[in-house]
Amino acid sequence: MAVQEVVFGFGAHSVIDDGPELLRMAEQADRDGLDIFSLSDHPYIGERLDAYATVGFVLGRTERLAGFANVSNLPLRPAPMLARAVTSLSALSGGRVVLGMGAGGLWDRISDMGVPRLAPGDAVDAFEEGIVLVKMLSGGGPPVTYQGRHHRVNQIEPAPVAAPPVWTGSVGPKSLAATGRVADGWLPGHAADWLSERYRTSRPVIDEAAAAAGRDPRDVRTIFNLPGRITDRPLAATRDQAGRWIGGSVDQWVEELTGAVLEHGAAGFMLFSPSGGTQDIDSLGRWGKEIVPAIREAIGNRRVPPSGSHVPPSGSRVPALRSHVPSSGSQPTR
């Protein structure tokens, strides 16, 4: 079974005081050959680093590592401005950015920031429109007019920069279907892995929606956020009572994640701290120096480029993906 190129990275939920440690970890990950790092996006938490300010700062201090917000809080980041942010980051970094997108989950806190609360269905509609609009405002061309239910622009010039890959944090059936229609990747969340019930029931929704939109479902990659411990000795149980991966020795990690790629189509893994805090730099070193190279070697002979791929920009470590720009019922004009 041939597999697409797999990405490996790490994620953090960093507070302001963690800034120097986060930078140290990113620089180490860059040296170790990891592909990507991510930060959560919760602007209503005062002690947290702003995701986009931090991604830009870290990209400026690294050479190959890509960055993204896991995932962008779209209700608090208007889609036209988000398009400007990610295309600028892409241009400045040589393409080392991914756009993570979410419909918004903590609406009590989101509305505390002065944003009108949306019903769940409306939030998903706004989420899909937002992805469409960000992609339309990328790649150059004549001015765009878009009249959606939630997003509207009039004669706005797209940035002359290709849209980055869009990975979503979709959970419900409606947002999963939107992911299939318009996104390039899916992050099932910390509660799901390749053997979980959520994955088994959710991934078919994405695939069916992609096929209905005339897309190859394989173009929507699955990247797992993966909290887990790296231990010196093998663990007797590497999964919790709910059946989720919790970690183990280096050999156990390599065996499990290689199987996730070859048998379940996993396209990437983001290592998170099992405690939910800042990543342990020693564990990050073992991830980058021991586990990831062994998995790459195990799958290397069976790797093929993603469908529709092209040569990535110089310095970029994120496998290049076709940025799918779907048609929209609002009939935008350029």
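To start, this report covers the structure provided alongside it.

Procedures and definitions
- Residues numbered from 1 in each chain as written.
- Predicted model: local features only at pLDDT ≥ 70, side-chain atom pairs only at ≥ 80, totals over all residues.
- Heavy atoms only, no water.
- Axes fitted to C-alpha atoms, helices over the stretch in contact; angles between N-to-C directions.
- Helix = DSSP H or I, 4+ residues; strand = E, 2+ residues; numbered from the N terminus.
- Parallel < 35°, antiparallel > 145°, perpendicular 65-115°, else oblique.
- Left-handed = near helix turned anticlockwise from the far one by under 90°.
- Contact = heavy atoms within 4.5 Å.
- Nonpolar A, V, L, I, M, F, W, Y, C, P; charged D, E, K, R; others polar.
- Pairing = 2+ DSSP bridges.
- Salt bridge = Lys/Arg side-chain N within 4 Å of Asp/Glu carboxyl O.
- Buried < 20%, exposed > 50% of the residue type's maximum accessible area, 1.4 Å probe, protein only.
- 1 Å grid on protein atoms, 1.4 Å probe; cavity = no way out; pocket = protein on both sides within 12 Å on 5 of 7 lines; lining within 4 Å.
- Points joined across faces, edges and corners; volume = space filled by probe spheres on them.
- Phe/Tyr/Trp six-rings, centres within 6.5 Å; stacked < 30°, edge-to-face > 60°.

It is worth spelling out the packing of helix 1 (residues 19-32) against helix 9 (residues 281-300) at this point. At their nearest, the axes of helix 1 and helix 9 sit 9 Å apart, and the two run at 15 degrees to each other. Comparing their axes, helix 9 and helix 1 come out roughly parallel. In this structure, helix 1 crosses over helix 9, and the sense of that crossing is right-handed. Here Glu 21, Arg 24, Met 25, Gln 28 and Asp 32 of helix 1 lie close against helix 9, whose contacting residues are Ile 281, Leu 284, Gly 285, Gly 288 and Lys 289. In terms of residue class, the contact of helix 1 with helix 9 is built from 3 nonpolar, 3 polar and 4 charged.

This paragraph deals with the sheet that holds strand 5 (residues 72-73). Strand order in the open sheet formed by 9 strands is 4-3-2-14-11-10-9-6-5, and the pairing between neighbours is parallel. Among the strands making up the open sheet, the edge pair consists of strand 4 (66-69) and strand 5. Summarising the sheet, strand 6 (residues 99-102) and strand 9 (residues 166-168) pair through 3 bridges and their orientation is parallel. Note on strand 9: the bridge partner recorded for Gly 100 is Trp 167. Docked against the sheet, helix 9 engages strand 2 (7-12) and strand 14 (268-272), running at close to 160 degrees with respect to strand 2.

What follows deals with the pattern of salt bridges. For the structure on display, the rule yields 22 salt bridges. Where Glu 27 meets Arg 61, a salt bridge forms, and the shortest distance between an N and an O atom there is 3.5 Å. Of the two residues, Glu 27 is situated in helix 1 and Arg 61 in the loop between helix 2 (51-60) and strand 4; the sequence distance between them amounts to 34 residues. Judged by relative accessible area, Glu 27 falls into the partly exposed class, the value being 23%. Taken together, the shared-partner salt bridges in this structure form one network comprising Asp 122, Asp 125, Arg 149 and Lys 174.

So, about the environment of Gly 285. For Gly 285, the position within the fold is in helix 9. Under the relative-accessibility criterion, Gly 285 is labelled buried at 10%. Measuring from C-alpha to C-alpha, the distance between Gly 285 and Gln 28 comes to 7.5 Å, with 257 residues separating the pair along the chain. In this structure Gly 285 touches Gln 28, Asp 32 and Glu 290, once residues within four positions along its chain are discounted.

Quantified by volume, the largest pocket comes out at close to 810 Å³. Taken together, 38 residues form the lining of the largest pocket, with Val 71, Gly 102, Gly 104, Gly 105 and Gly 169 sitting closest to its centre. Elements represented by at least two residues in the lining of the largest pocket include exactly strand 5, strand 6, helix 5 (120-136) and helix 6 (173-182). Counting residues per element, the lining of the largest pocket draws most heavily on helix 5, which supplies 5 residues.

Per the counting criterion, the structure on display carries 11 aromatic pairs. Ring geometry for Trp 194 against Phe 269: centres 5.8 Å apart, planes inclined by 85 degrees, an arrangement best described as edge-to-face. Separated by 75 residues along the polypeptide, Trp 194 in the loop between strand 10 (185-186) and helix 7 (197-212) and Phe 269 in strand 14 bring together distant segments of the chain. On the basis of relative accessibility, which here comes to 3%, the residue Trp 194 falls in the buried class. Seen from their ring centres, Trp 253 and Trp 287 are 5.8 Å apart, and the 70 degrees between their planes marks the pair as edge-to-face. Of this pair, Trp 253 sits in helix 8 (residues 250-264) while Trp 287 sits in helix 9, and the two are 34 residues apart along the sequence. Under the relative-accessibility criterion, Trp 253 is labelled buried at 0%. A relative accessible area of 0% means that Trp 287 is categorised as buried.

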